[in-house]
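Given next are the chains, with one letter for each unit.
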Amino acid sequence: MAKSDDCVHILQGLLVFGNVVIGMCGIALTAECIYFVSSSHGLSPLLKATEDIDINAAAWIGIFVGLALFALSILGIIGVIKASRTLLLVYIILMLITFAFEMASCITAATHQDSLTPELFLKQMLESYQKSEPANNSDNEVTKTWDELMLQNHCCGVQGPSDWQEYTSTFRLTHSDADYPWPRMCCVLNAQRIPVNLDGCKLGVPGYYNSNGCYNAISGPVSTHAWGVAWFGFAILCWTFCVLLGTMFYWSGIEY
Amino acid sequence: TMLPLLLLLLPAAHGIAQLRYAPVLTQEPLEGVTTASTFVLDQPRCVFKDYGNADIWLVVALEQAISTFDNTAGPGTNETAFQSFPDPVRAYLTLNATLANYPCPKPDGEITVLRVGSETSCAQDETRPTCNGPLPGPGPYRAKFLALEGSVPVAETGWSEPIMLRTAKPLSSISTTDSGHSAGMIAITTILSILFAILLAGLVAMLVFWSSDSCGGSSTFSKPESVTVRRYNTHHVYDQPAARL
């Protein structure tokens, strides 16, 4: 009957359209995750040192899920146009597996984001920040990262210079409190990286030292990426859910 | 006549002027007013106006030692050497200055402070007993200024309030384990779990539907390549015009 044919054609059209969108989103997800994995925003040593590899794992899963979505969307389009039961069954099952992986990736990215608290970075900084004598260039990765961070962002410590006063640290073992209430990098430096006013810096005179903490500068870039992976993935999954429901309905209506 | 003479001599022997001032931690907004081994006092401007010839010393003492401190103990002796502080020396003299170092009045906008504990180079050097070395513990400490002409004390300020320095908490006390879960993460987890459960239920329903194969009542629609039904003529009714003659 004409009416039923029209409904069929509309449903097919919708499913094809849905699959096209899934394919494009899959490519976009792959691109975003590749960008995230390869982008060096300079904070990777800090994140590696926190022994938290989850965000990278979530991004790697995202790359493969994106490619799988693209391939499966093509399979889905062919299956819908040919109205083949087997093709569509394979499509649905593989899509469910991909859905599960992407779900894991989103939840991992969101959970990881929650774990990047100031306390985590504070503990890592106090344990690992170790300035060797200026003559040596053998600072470890965390120290170099923190130095660059404090220099570029005009900040000191995680919550402020008082971090170095409130807690014991590895830095304190080699640098006396009277000479170095906080590291030299917390002072306002001139072009030669020498404090503009060393006594002013040691006293803590406003204008000669950095009084802000660096937590905002750290958590900003990492946050954006993590939420990008988590929420974009979530959006794709919601759309995929609708398309899969439609496909299941279509499948159950195909005659042999 | 001896008695008035004695009475005259007595005030001369205890001729230390008690100035109505006490050293105080600076009120300037400095981050390092107290650290673990230093503290910052305001300079005694306009306090020692009448003592242009005197050396003004800072006395730093343990809180318990202020009542036993002897003003005649000279600076730089064994009894007041910084290197033997806090045991057995319980108060030491440091930061030698004259009135010229503390001009009066204090110019506006300038930060005029004394950082007690800033000299680390002479902290172990016994040849520098008046070293302004870092303080060895969190305190409490008290301080006062003492003006000496030669070796004779001529004026002193009152003792400051007890000064406590900062103590650093151990690194292990930072707890990184209990980080809460944000609303976003909980939302993502619940919604995705529900969606996945619905899809699984749909898949199970599909498979049950397929295997039971009871597809009589559901609406079915034909495949796109519609099969055309051909009609076959069973009689050739158009074939006999020649028979009519």
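Here the structure is shown first, and the text comes after it.
My aim in this report is to walk through the structure given alongside it, one point at a time. Keep in mind that what you see is a predicted model, and the values were worked out from it rather than measured. (Residues numbered from 1 in each chain as written. Chains lettered and ligands numbered in written order. Predicted model: local features only at pLDDT ≥ 70, side-chain atom pairs only at ≥ 80, totals over all residues. Heavy atoms only, no water.)

With 56 residues of chain B at the interface, the matching set in chain A holds 62 residues. For the pair chain B and chain A, the summed buried surface comes to about 5,100 Å²; carbon and sulfur atoms form 73% of the total. For the pair chain B and chain A, the number of links is zero salt bridges. Among the elements of the structure, β5 (113-116) and α2 (183-212) of chain B are those that each provide at least two residues to the side of chain B that touches chain A. For the side of chain B that touches chain A, the element with the highest residue contribution is α2 of chain B, accounting for 18 residues. A per-class count over the side of chain B that touches chain A returns 27 nonpolar, 23 polar and six charged. (Contact = heavy atoms within 4.5 Å. Buried area = accessible area lost by both parts, 1.4 Å probe. Salt bridge = Lys/Arg side-chain N within 4 Å of Asp/Glu carboxyl O. Helix = DSSP H or I, 4+ residues; strand = E, 2+ residues; numbered from the N terminus. Nonpolar A, V, L, I, M, F, W, Y, C, P; charged D, E, K, R; others polar.)

Here we take up the packing of aromatic side chains. As enumerated under the stated definition, the model contains 14 aromatic pairs over all chains in all. Site record: aromatic cluster; members linked through ring pairs are Y129, W164, F171 and Y180 of chain A. (Phe/Tyr/Trp six-rings, centres within 6.5 Å; stacked < 30°, edge-to-face > 60°.)

On to the state of the cysteines, then. A full pass over the atoms with the stated rule returns five disulfides over all chains. For C187 of chain A, the disulfide goes to C201 of chain A, at an S-S distance of 1.9 Å. Taking the sign of the S-S torsion, -80 degrees for the link of C187 of chain A and C201 of chain A, the bridge is left-handed. Of this pair, C187 of chain A sits in the loop between α8 (170-174) and α9 (198-203) while C201 of chain A sits in helix α9, placing them 14 residues apart in sequence. What makes C201 of chain A buried here is its relative accessible area of 1%. In this model, C122 of chain B is linked to C131 of chain B through a disulfide, with the two sulfur atoms separated by 1.9 Å. On the sign convention where negative is left-handed, the bridge of C122 of chain B and C131 of chain B, at about 75 degrees about the S-S bond, is right-handed. Neither C122 of chain B nor C131 of chain B differs from the other in exposure class; each is buried. In chain A, the cysteines engaged in disulfides, taken in order along the sequence, are linked 1-6, 2-3, 4-5. C25 of chain A takes part in no disulfide bond, and the closest cysteine sulfur, belonging to C238 of chain A, lies 12 Å away. The thiol of C33 of chain A is unpaired, and the distance to the nearest cysteine sulfur, on C106 of chain A, comes to 9.2 Å. (Disulfide = S-S within 2.5 Å. Buried < 20%, exposed > 50% of the residue type's maximum accessible area, 1.4 Å probe, protein only.)

Tracing the chain through its elements places S160 of chain B in the loop between β7 (152-156) and α2. Apart from residues no more than four positions distant in its own chain, S160 of chain B is found in contact with A22, P23, R142 and A143 of chain B.

Residue and element names in this part refer to chain B. Judged by pairing direction, the sheet is mixed, and its five strands sit side by side in the order β1-β7-β6-β3-β4 without closing on themselves. The sheet terminates laterally at β1 (17-18) and β4 (91-97), the two strands that pair on one side only. With eight bridges connecting them, strand β3 (residues 55-62) and strand β6 (residues 141-149) associate as antiparallel partners. Paired with V59 across the strands is K144, a residue of β6. (Pairing = 2+ DSSP bridges.)

Since there are 3.6 residues in each turn of an α-helix, residues three or four apart along the chain are aligned in direction. With eight of eleven residues buried, helix α5 (residues 118-128) of chain A is to be regarded as a mostly interior element. Listed in full, the buried residues belonging to α5 of chain A are L120, F121, L122, K123, Q124, M125, L126 and S128 of chain A.

The next subject is unusual backbone geometry. Residues F85 of chain B and P86 of chain B are joined by a peptide bond in cis, for which omega reads 0 degrees. As for its placement among the helices and strands, P86 of chain B is situated in the loop between β3 and β4. Omega for the bond connecting C104 of chain B with P105 of chain B falls within 30 degrees of zero, at -5 degrees, which places this linkage in the cis form. Secondary-structure assignment places P105 of chain B in the loop between β4 and β5. A positive phi angle, close to 55 degrees, is found at H154 of chain A, a residue other than glycine. Turning to its location among the elements, H154 of chain A is positioned in the loop between α6 (141-153) and α7 (162-166). Residue H154 of chain A is classed as exposed on the basis of its relative accessible area, which comes to 54%. Positive phi, close to 60 degrees, is recorded for C46 of chain B, a residue that is not glycine. Counting through the fold element by element, C46 of chain B comes out in the loop between β2 (39-42) and β3. With relative accessibility at 29%, the residue C46 of chain B sits in the partly exposed group.

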